[in-house]
Amino acid sequence: LIKESETMKKGFCFRVIIFGVFLLLGLGAGSSAYAEKKFIKGEARFYSQDEDPLNFVKSQLLEKSFRNVITKEMNRLGFDSESFWRTFDEKFEETFKPMQESLEKKFQDPETEKMDPEDREKYQKALRVRRLKELKKFGKLSHVIKSYVIKRMKRSIKYPNSRYMRLMAVVDHNRLRSLYSQ
């Protein structure tokens, strides 16, 4: 009877040790697979308006965070990020100018070709939303990001319209190079 319980204890201890070894190996393999992907920390701040819906604010924070991540990766690879973003913004302004003019014509009085103060305010709001939405689409920056994880998204207590996002992202180097060379 004593020999059986000692054998059972030894068998149980052996199984616990084997399980522990496999658990440690599994965790080690999982963390090395996680470490193989080079996550880059990106941060963004966005000042929203009271009428901005949450999904619009989130998309703007994502776009700004992606820009931050792409800038960091360009600098790491030795690309000139300042001239890239300057050229990028100039191309966007060229593309956006016809949209801005059509929006302006929509809000102008056809007879006087001027806007009254109420229409000017509506025009400014519409222009802001349109510009931000088009900027998010322009250049397809989200295609450069392979994957991302949002770590934190919060709003300031002191300034409720100030939003902040921190994320970790993996950059597709091939797409980044093709974007940079355009």
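Residues numbered from 1 in each chain as written. Predicted model: local features only at pLDDT ≥ 70, side-chain atom pairs only at ≥ 80, totals over all residues. Heavy atoms only, no water.

1. A few points about the environment of Q60
What counts here: Only runs of H or I of at least four residues qualify as helices and only runs of E of at least two qualify as strands under DSSP, and these elements are numbered from the N terminus. A contact between two residues is defined here by any heavy atoms of the two lying within 4.5 Å.
Along the chain, Q60 falls in helix α2 (residues 54-77). Spatially, the C-alpha atom of Q60 lies 9.1 Å from that of R45, the residues being 15 residues apart in sequence. Residues in contact with Q60, not counting those within four places in the same chain, are F46, L132, K133 and K136.

2. Describing the pairing of strand β2 (residues 145-155)
Applied cut-off: When DSSP finds two or more bridges between two strands, those strands count as paired.
As paired strands, β2 and strand β3 (residues 162-171) are joined by nine bridges and run antiparallel to one another. Among the inter-strand pairings, M153 is bridged to a residue of β3, identified as M165. The turn linking β2 back onto β3 is made up of six residues.

3. With respect to the confidence of the model for the protein chain
Predicted coordinates in areas of low pLDDT are best not read in detail. Rules: Every residue is assigned a pLDDT by the predictor, reflecting its confidence on a scale from 0 to 100.
Mean pLDDT over the protein chain stands at 81; residues scoring 70 or higher make up 79%. Per-element confidence in the protein chain ranges from a low mean pLDDT of 57 for helix α1 (residues 2-36) to a high of 92 for β3. Here residues 29-35 scores under 50 on pLDDT; set against residues more than four positions off or in separate chains, the count is one contact.

4. So, the pattern of salt bridges
Going by this rule: The salt bridge definition used is simple: a Lys or Arg side-chain nitrogen within 4 Å of an Asp or Glu carboxyl oxygen. Throughout this description, buried means an accessible area under 20% of the type-specific maximum (1.4 Å probe, protein chains only), exposed means over 50%, and partly exposed covers the range between.
Scanning the entire structure with this criterion turns up ten salt bridges. The residue E121 makes a salt bridge to K125 at a minimum N-O spacing of 3.7 Å. In this pair, E121 and K125 both sit in helix α4 (residues 117-137), four residues apart, roughly one turn of the helix. Across the pair K137 and E134 runs a salt bridge, and its minimum N-O distance is 3.7 Å. In this pair, K137 and E134 are both assigned in helix α4, three residues apart and thus about one turn of the helix distant. Since its relative accessible area comes to 19%, E134 is described here as buried.

5. Remarks on the packing of α2 against α4
In plain terms, the rule: To get an axis, fit a line to the C-alpha atoms, keeping to the stretch in contact for a helix; angles then go from 0 to 180 degrees between the N-to-C directions. Angular relationships are summarised with four words: roughly parallel below 35 degrees, roughly antiparallel beyond 145, roughly perpendicular across 65 to 115, and oblique for the angles in between. For any helix crossing, the convention is left-handed if the near helix is rotated counterclockwise from the far helix by under a right angle, and right-handed if that rotation is clockwise.
Contact geometry of α2 with α4 gives a least axis separation of 10 Å together with a crossing angle of 45°. By the criterion of interaxial angle, the relationship of α2 to α4 is oblique. In this structure, the crossing between α2 and α4 has a hand that is left-handed. Where α2 approaches α4, its residues F56, S59, Q60, E63 and R67 are matched on the opposing element by R128, V129, L132, K133, L135 and K136.

6. Regarding a nonpolar patch on the surface
Spelled out, the test is: Like-charged residues within 9 Å of one another, or nonpolar side chains (Val, Leu, Ile, Met, Phe, Trp, Tyr) within 5 Å, are grouped into patches, provided each residue has over 30% relative accessible area and no salt bridge. Method for areas: the Shrake-Rupley scheme with a 1.4 Å probe, in which residue coverage is limited to the protein chains shown.
Where nonpolar side chains cluster on the molecular surface, the patch consists of L54, Y148, I150 and M153 and spans about 350 Å² of accessible area. With three residues, the single largest contributor to the nonpolar patch is β2. Note on placement: M153 falls in strand β2. With relative accessibility at 35%, the residue M153 sits in the partly exposed group.

7. Focus: the side chain of D172
Applicable threshold: Pairs of N or O atoms are called polar contacts if they sit within 3.5 Å, as long as, within protein, a hydrogen donor faces a hydrogen acceptor (for residues adjacent in sequence, only side-chain-to-side-chain pairs).
Positionally, D172 belongs in the loop between β3 and α5 (173-181). For D172, the side chain forms a polar contact with the main-chain nitrogen of N174, separated by 3.2 Å. Beyond its immediate stretch of four places on either side in the chain, D172 contacts V144 and K146.

8. Considering the sheet that holds β2
The antiparallel open sheet is built from three strands, whose spatial order is β1-β3-β2. Every other strand in the sheet has two partners, leaving β1 (40-47) and β2 as the edge strands with one partner each. Strand-to-strand twist across the sheet, computed as the mean angle between neighbouring axes with direction ignored, equals 25°. Against the sheet, α2 touches β1, β2 and β3, its axis set at about 135° to β1.

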